[in-house]
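Here is what each chain is made of, one letter per residue.
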Amino acid sequence: MPHRLLAFARARRRLLAILALVGPGLITATVDNDSGGIATYSLAGALYGFDLLWTLIPITILLIVTMEMSTRLGAATGQGLADLLRERFGVKVTFWMLLVVLLANYGTIISEFSGIASAIDICGSATGYPEFFAWLKYLIVPLLTCGIWKLITEYDYKKIEKFFLISIFFYFAYPISAYLAKPDWGSAIKALVVPTWRFDAGYFFTMIGVIGTTITPWMQFYLQSTLIEKGITLKDYDNAKWEVGLGCITTDVISFFIIVACAVTLNFTPGAPPVSSIEDIGKALIPLAGSYAGYLFALGLFNASLFGAAILPLSTSFAICEGMGWERGMNKTYDEAPWFYWIFASLLISGAAIVLIPGISFLYLGVMRVSQVAQGLILPPFLYFLVKLGDDRSLLGEYANPPWLSRLSWASVYILTIIDLILLGATIKELIVG
Amino acid sequence: MPTGQDLEARFFLADLVGAEVRSPDEASPCRIVDFTLLLGEKYPRLSHIVVETAAGERHLARRDQFSRFASGALELMQSANSLPHLSDVPDSVLVRNIWDKQIVDTSDARVVRVNDLQIAEVKGELRLLGVDVGFRGLLRRLGFERFLCPLIERFSGPLKNEIIGWDIVESVPTNFTHLKLAVPSQKIRELHPADLADILDDLSVQEGLSLLKGLDTETAAETLAEAEAETQAQIIAEMPSERASDILEEMEPDEAVDILQDLEEDKAAEILSHMDAEEASDVRELLKHPENTAGGLMSMGFATIFEEFSVDEAFKHLRLMAVDLEIIYYLYVVAKNDRLLGVVSIRDLLVANPTSRVTEIMNDKLIFVTPDTPQEEVAALISKYDLLALPVLDEDGGMVGVVTIDDVIELLLDNMPRMWKRRALTS
């Protein structure tokens, strides 16, 4: 066989192998752009124009670094992240770590249901019957909650999880909308590469939100347990690594276009209304969809939130039970794994119930935003333990972090800690000074 | 577990670790941080108590160097600084390493995590009695036992400790196993393959591989055959092909085929190439049929007798063949040209007159399937006619294999309403 053909055959084989593994990485990355993600990126563009674009490059690098580390830990040990935390750092560290993850995830679960409820509200104002849709919410949200419960407990949801990948097509709306809005691409690219600093609390708050919605502890737990379920070991690690990397880049390219589209339509356009509700964010799609922007936005938000609302309670409960050593998993019955079902059910049901409290809809956007900041705040301690595991030679042998990666990861942990402290400092200062 | 007067006191490791130890030298307060363990006995001896001084130095004390050893009242007879250093005893196994590790409870055949350890003082010696895997142990480790337990007990009754005796636990060779217990011992080997398979399903691929490594090929094959399909494929895929083919050879060909069909083609071909020629040809034959048809389910080991045989001859023939056959429910009466004429059950043979011909007692109303019959139909036939096995015939009416009830039992269970099945499997 001629050399070129051979190379082609090899490339094709590799591509097929990667496609076959679609996709813990791609799926995890898609869940990443959930309702909290859309809200956070949109607000970043609407409030600060292009000023936060530069954070995307370091965030992408850190996202790839952490996701690769989880992939490697899973492939080399065959154990979940909570299992490894428990064996390496003991029960106390695991308990407190999982407790903060639980709290942050609970916030994110509420934000997913807020996304679902908002999508219904947006349809209400787009059709001109807001009261009718406000009532419809009380029918749809409980029905969806039952649907999620049935889907996860009675069926093999893994078989249909790829269905949720269609939300990727919704995200294509953003690049198109951004293109049609005719931004100054030159300055967008410049803003992507050259950092802009603003020293006010809101800027740091939004920045931590952007970090926290992109790199979240629960995604690492979720990714690692999915890889293990698929039986991915060191042999498949190379392919899995690329798939995960591809997923990370896809998610951040989408983030870029969301920020640009929102910056142009909601920040740079003179006379654009201030963003005060989730509905205003949907206006970023007007260049693409015109008067149908609301429907398009509602549909995308709905799909993205639904996936998150299904996966988050499940993966949170799984991680907690894994760390505490309780029976877990859908192949266990309630009698075998009571903790697992209790945690899963309470997260799901109470998350749905909260967004139905009458008159609470004005808080939806706030919840989406704050929950992502919470994820950003718990990130440094979580990464501290993750990087320690990745560095552990007795655990990973030759698959431990190489020195450069270890240094890069530790630098990120320090920088994130400093950013978090700045936000805390600024918040306290504003509270005191007023 | 040792009982009676021998047993002087019981402790939990979590209560002892961090406990303050008084010594004659009031200037050097110290605390218990760990114990060293001497493995080998049924309830291993804790040879030394590791104490840490305020300066952070770790020393080893023996039980008899304590004048008092009770929870809340620990007293050394000499100053901690005069005791030997921990580093003076290289390779000591520290008990705290067992905390938070996974172990196999061999009485229940399940994998559990160690929350705490129970220690007993027997005849002046400290011994490791068992592991605590319960919720109370978890609270104790977290330091919540004192204030949470009374609260919980008020609502839900007494919160008991869940202790598993050390003599019935087995270590799991984990990634962190520096415990030198990792020899798969007698306890594991004595378990039934079906129980071993349950454990295998709970372990990671790596742990499962090291579990199987400790078993002989036959037990490994029986264990793997009982495991879930996903576990089977993941484990076989990770094994060296020679070992994998040895294990698959031990299995019934139809079971081996199920696993091979779940593997990547390259790997399956490689394993086949290592297999014994005769076995491999059976497997290749079965591989031709899709997984979800009678051809994919059937096994090729069955007992045939010829139409001219008498009952007595049939018995003689059966004794010769039985050696190679795993399961014999029926004898298949065939003509010279291999065509199936009828079926005789072992019971029919036993009650028949030894001199009568098999054709007289055989059942010639044949219920059979062809290799491409869907598995659901096979299961339905077996269940409808209460059969133990069903012959698979080719288009000329020749026998190619049999599907036995154990090949379709999973399918019969799968078709039960879900909740019913759960109840059936867990009760």
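As the structure is a computational prediction, the values presented were derived from the model and not from experiment. (Residues numbered from 1 in each chain as written. Chains lettered and ligands numbered in written order. Predicted model: local features only at pLDDT ≥ 70, side-chain atom pairs only at ≥ 80, totals over all residues.)

A.B. asks: So what exactly am I meant to see when it comes to the packing of helix α6 (residues 130-154) of chain A against helix α16 (residues 293-324) of chain A here?
C.D. replies: Helices that pack against each other are described as a pair by the angle of their axes relative to one another and the distance between those axes. All names here are of chain A. Closest axis-to-axis distance for the α6/α16 pair is 10 Å, and the angle between their directions is 55 degrees. When the axis of α6 is compared with that of α16, the two are oblique. Both α6 and α16 take part in a crossing whose hand is right-handed. Residues Leu 144, Ile 148, Leu 151 and Ile 152 of α6 lie in contact with α16, whose contacting residues are Leu 306, Ala 309, Ala 310 and Leu 314. Of the residues belonging to the contact of α6 with α16, the class tally is eight nonpolar, no polar and no charged. (Axes fitted to C-alpha atoms, helices over the stretch in contact; angles between N-to-C directions. Helix = DSSP H or I, 4+ residues; strand = E, 2+ residues; numbered from the N terminus. Parallel < 35°, antiparallel > 145°, perpendicular 65-115°, else oblique. Left-handed = near helix turned anticlockwise from the far one by under 90°. Contact = placed C-beta atoms within 7 Å. Nonpolar A, V, L, I, M, F, W, Y, C, P; charged D, E, K, R; others polar.)

A.B. asks: Explanation requested: the domain arrangement of chain B in the structure shown.
C.D. replies: Accessible area lost when the parts come together is the quantity often used to give the size of an interface. Considered domain by domain, chain B is made up of domain 1 (1-182), domain 2 (191-288) and domain 3 (303-413). Taken over C-alpha atoms, the centre of domain 1 of chain B sits 61 Å from the centre of domain 3 of chain B. (Domains from an automatic or database assignment.)

A.B. asks: Please explain the sheet that holds strand β14 (residues 169-171) of chain B as it appears in this structure.
C.D. replies: The pairing of strands in a sheet comes from backbone hydrogen bonds and takes either a parallel or an antiparallel form. All names here are of chain B. Ordered in space as β10-β9-β14, the three strands form an open sheet in which the pairing is antiparallel. The open sheet terminates on both sides in strands that have one partner only, identified here as β10 (110-113) and β14. Along the sheet, successive strands turn relative to each other by an average axial angle of 40 degrees, direction set aside. (Pairing = 2+ DSSP bridges.)

A.B. asks: What should I look at first to understand the sheet that holds strand β15 (residues 303-306) of chain B in this one?
C.D. replies: All names here are of chain B. The sheet built from three strands is open, its strands ordered β15-β16-β17 with mixed pairing. Each edge of the open sheet is held by one strand with a lone partner, namely β15 and β17 (340-345). Along the sheet, successive strands turn relative to each other by an average axial angle of 35 degrees, direction set aside. The pairing of β15 with strand β16 (residues 330-334) spans four bridges and is classified as parallel.

A.B. asks: Explain the nonpolar core here, please?
C.D. replies: Nonpolar side chains tend toward joint burial in soluble globular proteins. Of all hydrophobic cores here, the largest spans 134 residues; its most connected members are Ile258(A), Ile259(A), Ala261(A) and Cys262(A). Element by element, the count of residues in this core is highest for helix α5 (residues 81-127) of chain A, at 20 residues. Ala61(B), Leu74(B), Ile259(B) and Leu286(B) belong to the second largest nonpolar core, which has 75 residues in total. (Core = buried A, V, L, I, M, F, W, Y, C linked by C-beta atoms within 7 Å. Buried ≥ 20, exposed ≤ 12 C-beta atoms within 10 Å, placed from the backbone.)

A.B. asks: How should the packing of α5(A) against helix α2 (residues 135-142) of chain B be read in this particular structure?
C.D. replies: At a minimum axis separation of 9 Å, α5(A) and α2(B) run at an interaxial angle of 90 degrees. In terms of orientation, α5(A) and α2(B) fall into the roughly perpendicular class. Residue-level inspection shows Val91(A), Lys92(A) and Phe95(A) of α5(A) in contact with α2(B), the latter providing Leu138(B), Arg141(B) and Leu142(B). Among the residues forming the contact of α5(A) with α2(B), the class breakdown is four nonpolar, no polar and two charged.

A.B. asks: Sorry, what's going on with the environment of Tyr48(A) here?
C.D. replies: All names here are of chain A. With respect to the element layout, Tyr 48 can be found in helix α3 (residues 35-48). Sequence separation of Tyr 48 and Ala 263 is 215 residues, and the distance between their C-alpha atoms is 7.4 Å. If we ignore the near neighbours within four places in the chain, the residues touching Tyr 48 are Tyr 203 and Thr 206.

A.B. asks: Got a minute to help me understand the interface of chain A and chain B in this structure?
C.D. replies: Each partner contributes residues to the interface: chain A has 20 residues there, and chain B has 22 residues. When residues in the side of chain A that touches chain B are grouped by element, the largest group, seven residues, is from α5(A). Along the lines of polarity and charge, the residues of the side of chain A that touches chain B split into five nonpolar, eight polar and seven charged.

A.B. asks: What am I meant to see in the environment of Gln224(A) here?
C.D. replies: Residues and elements named next belong to chain A. Topologically, Gln 224 is positioned in helix α12 (residues 217-229). A sequence separation of 200 residues divides Gln 224 from Pro 24, and the C-alpha atoms of the two residues are 8.6 Å apart. Apart from the residues lying within four places of it in its own chain, the contact partners of Gln 224 are Ser 70, Leu 73, Gly 74, Gly 80 and Leu 81.

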